[in-house]
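Coordinate inspection notes
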Amino acid sequence: MPRLITVAAAQLGPIGRKEPRSSVLQRMLMLMERGATTGCQLLVFPEMALTTFFPRWHIEDEAELSAFFEREMPGPETMQLFEASRRLRISFYLGYCEQTPKGERYNTSILVHNGDIVGKYRKIHVPGNPVYDPSLKLQHLERWYFRDGDLGFKTFDALGSRVGMLICNDRRWPESFRVLGLQGVELICLGYNSPAQLPDMPEQNSLRVFHHLVPMQAAAYQNGTWVVATAKAGREEGCDMMGSSCIIAPSGEVVALSYTLDDELLSCTIDLDMTTAYKKFFDFGLYRRPECYNLIVERKAAGNPI
Ligand code: ING
């Protein structure tokens, strides 16, 4: 008996700087309704799904900035997603900007099952610049706005599966996936906001989708896990954001790929038991040599030969 589950990347098109939460939530609820009618059990929304990707600006107006953050989850507006989850029996991953009661700000995701939060993650690899750098054509000020995630890489047993969460830039680092792999992860949910072009490194422009897919395909295979990765896509406030939301099998194959840069539901029925053969091939307990991997935790930057 295969262990089947129907999952979907719930891709969102661009969100304007002034677009109200209510309008974004409307779009998300539509995707949830569509997911329900097509038998989806889990929807993966993007990183920072409720707002525009504001770290492309250096925002000094505290009132404007503050409006991008959630102080409660669920809050008065996001409650609708939780109600829909309960009513439609659909679980979801949601990326959002979290502000704690102490005023700490994190780039966060949650896993919601049957209207309850069953998992929480705070982005560990926070990319970009810590201060405004006028020499750059494209600002990416996540390090100015967000603290480093402090919850580690955890897995959550939900939906008859072992689920892990990552956010955007985490997908480029093999360590993110390995720490989840060492906990037997079977399904990794990830939302992202990635510029389709890098005006400060234009030689990489033609490789953007390759650099998005290749680390996740490798990691899915090396850890024997499914990956669902969801974009906030399209031309957002003059910035082209990459689409290519995808579902990747434990074989490393991309089995579904989005074909628009707008709101799109990309679903696939996946067999969680497909992880078994790959986990057996890469039998960590038999073949891994952690005693030879010390540098991975001892060193941060590359240094002298040992
Ligand atoms: N986005 C980017 C990503 O990894 C980034 C970060 C920064 C890309 C600088 C390119 C240049 O795709 C997020 N949201 O992490």
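Below, the structure is looked at part by part. (Residues numbered from 1 in each chain as written. Predicted model: local features only at pLDDT ≥ 70, side-chain atom pairs only at ≥ 80, totals over all residues. Heavy atoms only, no water.)

Digging into the packing of aromatic side chains
For the structure shown, the criterion picks out 11 aromatic pairs. Centre to centre, the rings of Phe45 and Phe92 are 6.2 Å apart; their planes meet at 70°, and the pair counts as edge-to-face. One end of the pair, Phe45, is in the loop between β2 (42-44) and α2 (62-66); the other, Phe92, is in strand β3 (residues 91-99), and 47 residues separate them in sequence. You'll find Phe45 and Phe92 in the same group, each marked buried. A ring pair is formed by Phe69 and Phe146, whose centres lie 5.8 Å apart and whose planes are at 50°; its orientation type is tilted. With a gap of 77 residues between them, Phe69 in the loop between α2 and α3 (79-88) and Phe146 in the loop between α4 (142-145) and β6 (155-158) connect regions that are remote in the sequence. By relative accessible area, which is 3% here, Phe69 ends up buried. Residue Phe146 is classed as buried on the basis of its relative accessible area, which comes to 6%. Every member of this aromatic cluster is reached through a ring pair, and the members are Phe54, Phe68, Phe69, Tyr145 and Phe146. The positively charged end of Arg17 is found above the aromatic ring belonging to Trp57, 4.2 Å away from the centroid. (Phe/Tyr/Trp six-rings, centres within 6.5 Å; stacked < 30°, edge-to-face > 60°. Helix = DSSP H or I, 4+ residues; strand = E, 2+ residues; numbered from the N terminus. Buried < 20%, exposed > 50% of the residue type's maximum accessible area, 1.4 Å probe, protein only. Lys NZ or Arg CZ within 6 Å of the ring centre and 35° of its normal.)

What to know about a nonpolar patch on the surface
Among the surface-exposed residues, Leu207, Phe210 and Val214 lie close enough to one another that they form a single nonpolar patch of about 250 Å² accessible area. Under the relative-accessibility criterion, Leu207 is labelled partly exposed at 33%. (Patch = residues over 30% accessible without salt bridge, like charges linked within 9 Å, V, L, I, M, F, W, Y side chains within 5 Å. Areas by Shrake-Rupley, 256 points an atom, 1.4 Å probe, with all protein chains shown as cover. Salt bridge = Lys/Arg side-chain N within 4 Å of Asp/Glu carboxyl O.)

Structural notes on the side chain of Glu236
Tracing the sequence through the fold places Glu236 in strand β10 (residues 234-236). Given the relative accessible area of 1%, Glu236 is considered buried. Polar contacts involving the side chain of Glu236 include one to the side chain of Lys232, which spans 3.3 Å. (Polar contact = N/O pair within 3.5 Å; in protein donor to acceptor, adjacent residues only side chain to side chain.)

A closer look at the pattern of salt bridges
By the definition in use, this model includes 20 salt bridges. In this structure, Glu64 and Arg17 form a salt bridge, with 2.7 Å as the shortest nitrogen-oxygen distance. Here the residue Glu64 occupies a position in helix α2, and Arg17 occupies one in the loop between β1 (4-11) and α1 (21-37), the gap between them amounting to 47 residues. Since its relative accessible area comes to 26%, Arg17 is described here as partly exposed.

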